[in-house]
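Letter by letter, the chains look like this.
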Amino acid sequence: MKNLLILVCFVFLHGNAIPQSVQNLKISKDNRFIVYQNGDPFFWLGDTAWELFHRTDKEEADLYLRNRAQKGFNLIQAVVLAELEGLNEANSLGEKPLINNDPSQPNEAYFKHVDYIVSQANDLGMFIGMLPTWGDKFNKKWGVGPEIFTRSNAYAYGKYLGNRYKNKAVVWILGGDRNPEDEEDIEIIRRMAAGIREEVGDRQLITMHPQGGNNSATWFHEDEWLDFNMFQSGHGKKDNPNYLATAKLYQLSPTKPVLDAEPNYEDHPINWKADQGWFDEFDSRRAGYWSVLAGGCGHTYGNHNIWQMWLPGRTPVSQARTPWTQALDYPGAFQAGYMKRF
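This report concerns the structure included in the present document. Residue positions are given per chain, counting from 1 as you read along its sequence in written order. Owing to the predicted nature of the model, reporting of local features is limited to residues with pLDDT of at least 70; listing and counting of side-chain atom pairs is limited to 80 or more, with chain, interface and lining totals taken over all residues. Note that water and hydrogens are dropped before the side-chain values are worked out from all heavy atoms of the structure.

1. Topic: unusual backbone geometry
And then number 1: With an omega of -5°, the peptide bond between Gly145 and Pro146 qualifies as cis.
And then number 2: Strands here are runs of E lasting at least two residues and helices are runs of H or I lasting at least four, both read from the DSSP assignment and numbered beginning at the N terminus. By the element assignment, Pro146 lies in the loop between strand S6 (127–133) and helix H5 (151–165).
And then number 3: Look at the link from Ser253 to Pro254: it is a cis peptide, with omega at 0°.
And then number 4: Residue position: Pro254 is located in the loop between helix H8 (243–250) and strand S11 (258–260).
And then number 5: One non-glycine residue with positive phi stands out, namely Asn100, at about 60°.
And then number 6: Within the element layout of this structure, Asn100 appears in the loop between strand S5 (75–81) and helix H4 (108–123).

2. Concerning the nonpolar core
And then number 1: Nine residue types can take part in a nonpolar core, namely buried Ala, Val, Leu, Ile, Met, Phe, Trp, Tyr and Cys, and a core is a set of them joined through side-chain atoms within 4.5 Å. Each residue gets one of three labels from its accessible area relative to the maximum for its type: buried under 20%, exposed over 50%, partly exposed in between, using a 1.4 Å probe on protein chains only. Counting residues in each nonpolar core, the largest one holds 58 residues, and the members touching the most others are Leu52, Phe53, Tyr64 and Met130.
And then number 2: If you tally residues by element for this core, the top one is helix H6 (residues 183–200), at seven residues.
And then number 3: In this structure, Ile27, Tyr36, Val79 and Phe228 belong to the second largest nonpolar core, which totals 24 residues.

3. Some remarks on the pairing of S6
And then number 1: A large share of S6 lies buried, amounting to seven of its seven residues.
And then number 2: DSSP bridges decide pairing: two strands pair if at least two such bridges lie between them. Direction of pairing for S5 relative to S6: parallel, over a ladder of six bridges. Residue pairing across strands places Ala78 opposite Met130, the latter belonging to S6.
And then number 3: Look down the strands so they point away from you; if going from the first strand over the helix to the second traces a clockwise path, that crossover is right-handed. Following the chain from S5 across H4 to the adjacent parallel S6, one finds a crossover that is right-handed.
And then number 4: Pairing analysis gives three bridges linking S6 to strand S7 (residues 170–174), with the strands arranged parallel. When the sheet's bridge partners are listed, Met130 is paired in S7 with Trp172.
And then number 5: Remark: the S6/H5/S7 crossover connection has right-handed handedness.

4. Overview of the sheet that holds strand S9 (residues 214–215)
And then number 1: With mixed pairing, the three strands of this open sheet are ordered in space as S9-S10-S11. The open sheet terminates on both sides in strands that have one partner only, identified here as S9 and S11.
And then number 2: Bridge count for S9 against strand S10 (residues 229–232) is two bridges, and the pairing is antiparallel. In the sheet register, Asn214 faces S10, and the bridge partner there is Gln232.

Put into structure tokens, the structure is as follows:
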């Protein structure tokens, strides 16, 4: 018992050390987990920062990334073509991602900023879980859009991104909080994946992020490009038993790792209605343990103020109420790091 206590104290005291480099990732031999190329285990501890490329300058990005590295996060989920007017509202440097909203005409100045953030994250020992686009750019359904992707330009855009970041520590996350609703949508996702895979080979992993209550296996489980399954338990229900989704996906054949990449966010109104209360650190922490102990290969934490990088003066989405720079140190973020170290 004494030796165990010494070990636990060592892990917690030294768990904030920032590694200086990262290796590529692969799927373990038993197809249950994600591991480094040398076979060492990789426990996915993600943070949700969808608007990181779009709404932060270099100084803000540095502040965010260093804070997350110190807390033990090893992957940051961020979107290239962001949700909140990501095509038509310039980033913090005054640049839009595409010329004339054409995926075949990327704006080099915008992508230089993406390059900077990816490199900074990698230098701090963290991967970028890179979403090429939010889903409203191929299936508007709700949100802003516009829909700009076709089968052909999705493939070309995937090749562009794959070539640009093939030597970086990146995991690719397609879909962007949107389910494909017809064959065109499905083929857009498949073609984007094909473009990425052609450039990166097997050096980087690819998955898909659906909307709340759904999972990637519904459409793509048997696709070779889908390295592991991702689901979103979401923000609509108090005491949501996300372990049931983990267990269901865990049993599928062929065997693939599974991950809840968007459980309830800390400081998010329950079911988007503040009069029903707010998810807190207990809800966030429990969602992580429930899913991981059911067989998940890791956990993604989220804070409602951070994903949208909300600051006073910006229109809050779903009643965001805390500046993201303050929300960085909400208790749930510390507790997610404790789970990874344990």
